Amino acid sequence: MKAALEALSHDAANDHGAKMFDLVGFYNTKSPQKALYDLFATQEQRCAFIVPGGDAYQNAGGRDAVSVVSHRDTDFSLLLCDRAWVPSEQAALIGGPDNLGVLVLKERVVAALSGQSLALPGVVLLPQEGGILELYDPRGGDDGRTCWDQPFTTYAGREKISVG
């Protein structure tokens, strides 16, 4: 996932242009403070943070069945962030003369990753419902970041469990 995000181009029409994200980070759910610290510590304009979620299971089979089939889906979120260096509060959201804005970042990432398998058999990335986050540096001194939280889910396997 990290490599796929790092390969995205800033200019959708030109694959050889500048990278879409200046910084791509990976954070597990045990270190959200580190992710937020890095987000505010960096001077990079466009950032993407990968945050693993969890697993969901769907089990099929009845009380009289001799086996149960368990399907697992795994989810993760992408926190897509842009910083606007202009006074307009909306520039980080909708873009401005010097930045794309998180809505454009979200549209491009969803279009680029949806349906991708990332060269893993049986994996297909499916976007889920996302939303806007406004994050502010708790230490002060920063105007904050406008972010889009974009969850994805993927089928992660099937197991047949004998019960009898």
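So, a few notes on the structure that sits alongside this text. (Residues numbered from 1 in each chain as written. Predicted model: local features only at pLDDT ≥ 70, side-chain atom pairs only at ≥ 80, totals over all residues. Heavy atoms only, no water.)

1. What about the overall build of the protein?
- The helix and strand inventory of the protein stands at 4 helices and 6 strands.
- Secondary structure elements in the protein, listed N-terminal to C-terminal, are α-β-α-β-β-α-α-β-β-β.
- Buried positions account for 36% of the 164 residues belonging to the protein.
- Total accessible area on the protein is roughly 9,600 Å²; 54% of this is exposed by carbon and sulfur atoms. (Helix = DSSP H or I, 4+ residues; strand = E, 2+ residues; numbered from the N terminus. Buried < 20%, exposed > 50% of the residue type's maximum accessible area, 1.4 Å probe, protein only. Areas by Shrake-Rupley, 256 points an atom, 1.4 Å probe, with all protein chains shown as cover.)

2. Details of helix α4 (residues 102-113)
- Between its terminal C-alpha atoms α4 stretches 16 Å, which fits the 16 Å expected from 12 residues at 1.5 Å a residue.
- Among all positions of α4, only Val102, Leu105, Lys106, Val109, Val110 and Leu113 are buried. Looking straight down α4, one finds its buried side chains confined to an arc of 120 degrees; they lie on one side.
- Tucked into the core, α4 has its buried residues touching α1 (2-6), β2 (46-60), β3 (67-82), α3 (91-94), β4 (126-127) and β6 (145-162).
- Gly115 sits one or two positions beyond α4 and adopts a positive phi of about 85 degrees. (Expected span 1.5 Å × (residues − 1). Arc of directions from axis to C-beta. Contact = heavy atoms within 4.5 Å.)

3. A short note on the pairing of β3
- Direction of pairing for β2 relative to β3: antiparallel, over a ladder of 13 bridges. The partner of Ala60 across the bridge, within β3, is Val69.
- Here β3 runs beside β6; their pairing, made up of 16 bridges, is antiparallel. Counted as the bridge partner of Val69 is Lys160 from β6. (Pairing = 2+ DSSP bridges.)

4. Digging into the nonpolar core
- Membership of the largest hydrophobic core comes to 21 residues, with the highest contact counts inside it found for Leu5, Phe21, Leu78, Leu80, Val109, Leu113 and Phe152.
- Taken together, the elements giving at least two residues each to this core come down to β2, β3, α4 and β6.
- In terms of residues, this core owes the most to one element, α4, which gives 5 residues.
- Beyond its immediate sequence surroundings of up to four residues, Leu80 is in contact with Phe21, Cys47, Ala48, Val102, Leu105, Lys106, Val109, Thr146, Cys147 and Trp148.
- Phe49, Cys81, Leu135 and Cys147 belong to the second largest nonpolar core, which has 8 residues in total. (Core = buried A, V, L, I, M, F, W, Y, C linked by side-chain atoms within 4.5 Å.)

5. A short note on the environment of Ile132
- Structurally, the position occupied by Ile132 is in strand β5 (residues 131-135).
- Owing to a relative accessible area of 43%, Ile132 belongs among the partly exposed residues under this scheme.
- Contacts of Ile132, omitting those with residues within four sequence positions, involve Leu93, Thr146, Cys147 and Trp148.

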